[in-house]
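# Examination of the molecular architecture
Residues per chain, in single letters:
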Amino acid sequence: MAAEKTVILDGAGVRRALTRISHEILERNKGLANVVLIGIRSGGAYLAAEIGDSLAVIEGEKAAVGAVDITLYRDDISGQIPHLPVGKTEIPFSLEGKKVILVDDVLFTGRTIRAAMDALMDHGRPDSIQLAVLIDRGHRELPIRADFVGRNVPTSLKENVQVIFDSENKPVEVILEK
């Protein structure tokens with residue numbers, strides 16, 4: 001039996017959600033002073049770049065954008081580390097005194113975010129960490145909530161939410177698989 005797929009956001013919906021998140025980031029932080037974007041590999045890194053571009057269009061200046069790989073910080077893969085490919089963390093700027101906007105595609109249990117915060121702390125001590133996600137699907141296991149959400153999508157544990165990217169790593173749609 002093939003999985004039933006429903007489009008939650010099409011390309012235009014994704015762009016609107018990212019533009020809204022960009023405006024909310026600017027409002028909450030009163031501009032881009034000391035704001036940096038760090039995307040969680042891989043989907044979050046692509047979305048961080050998109051939000052960075054959107055902020056540049058809105059504000060006329062660019063925020064620094066980086067990416068963090070959390071493979072070695074995860075708590076749900078013990079014993080599997082040697083088998084998992086480790087990606088590259090690219091944070092070519094200091095986090096000291098910065099307002100870090102941590103970006104991910106789908107917020108689920110919160111464990112990925114906790115791992116990302118642990119990884120960030122190994123790179124410096126930011127003033128604050130705020131969380132931006134395209135989709136919040138609920139089912140938290142840790143007390144973590146997003147500051148900026150593109151769309152809340154209540155799901156069952158059996159369902160899967162996927163952000164689909166094109167060959168240029170641009171988000172084209174979000175689907176729900178049942």
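Residues numbered from 1 in each chain as written. Predicted model: local features only at pLDDT ≥ 70, side-chain atom pairs only at ≥ 80, totals over all residues. Heavy atoms only, no water.

As named in an unreviewed UniProt entry, the chain is Bifunctional protein PyrR, taken from Pelotalea chapellei. Note on the chain: under the UniProt heading Catalytic activity (unreviewed entry), the record states "UMP + diphosphate = 5-phospho-alpha-D-ribose 1-diphosphate + uracil". (UniProt positions renumbered as here; feature names shortened; annotations may be inferred.)

### Structural notes on helix 2 (residues 43–59)
Because each turn of an α-helix spans 3.6 residues, side chains separated by three or four positions in sequence point in the same direction. Taking 1.5 Å as the rise per residue, helix 2 with 17 residues should run 24 Å; its terminal C-alpha atoms sit 24 Å apart, in good agreement. Taken as a whole, helix 2 has its buried residues at G43, G44, A45, L47, A48, E50, I51, G52, S54, L55 and A56. Of the residues one or two after helix 2, G60 is the one with positive phi, at around 80°. (Helix = DSSP H or I, 4+ residues; strand = E, 2+ residues; numbered from the N terminus. Expected span 1.5 Å × (residues − 1). Buried < 20%, exposed > 50% of the residue type's maximum accessible area, 1.4 Å probe, protein only.)

### A look at the pattern of salt bridges
Throughout the structure, instances matching the rule amount to ten salt bridges. A salt bridge links E24 to R20; the shortest N-O distance between them is 4.0 Å. Of this pair, E24 and R20 both sit in helix 1 (residues 11–29), four residues apart, which is roughly one turn of that helix. E24 gets classed as partly exposed once you look at its relative accessible area, which sits at 28%. Classification of R20 by relative accessible area gives partly exposed; the value is 36%. With its nearest N and O atoms 3.0 Å apart, the salt bridge here joins D147 to R28. Placement of the pair is D147 in the loop between strand 5 (128–136) and strand 6 (148–152) and R28 in helix 1, with a sequence separation of 119 residues. Overall, R28 belongs to the partly exposed group, its relative accessible area being 42%. Through salt bridges with shared partners, one network takes in R28, R145 and D147. (Salt bridge = Lys/Arg side-chain N within 4 Å of Asp/Glu carboxyl O.)

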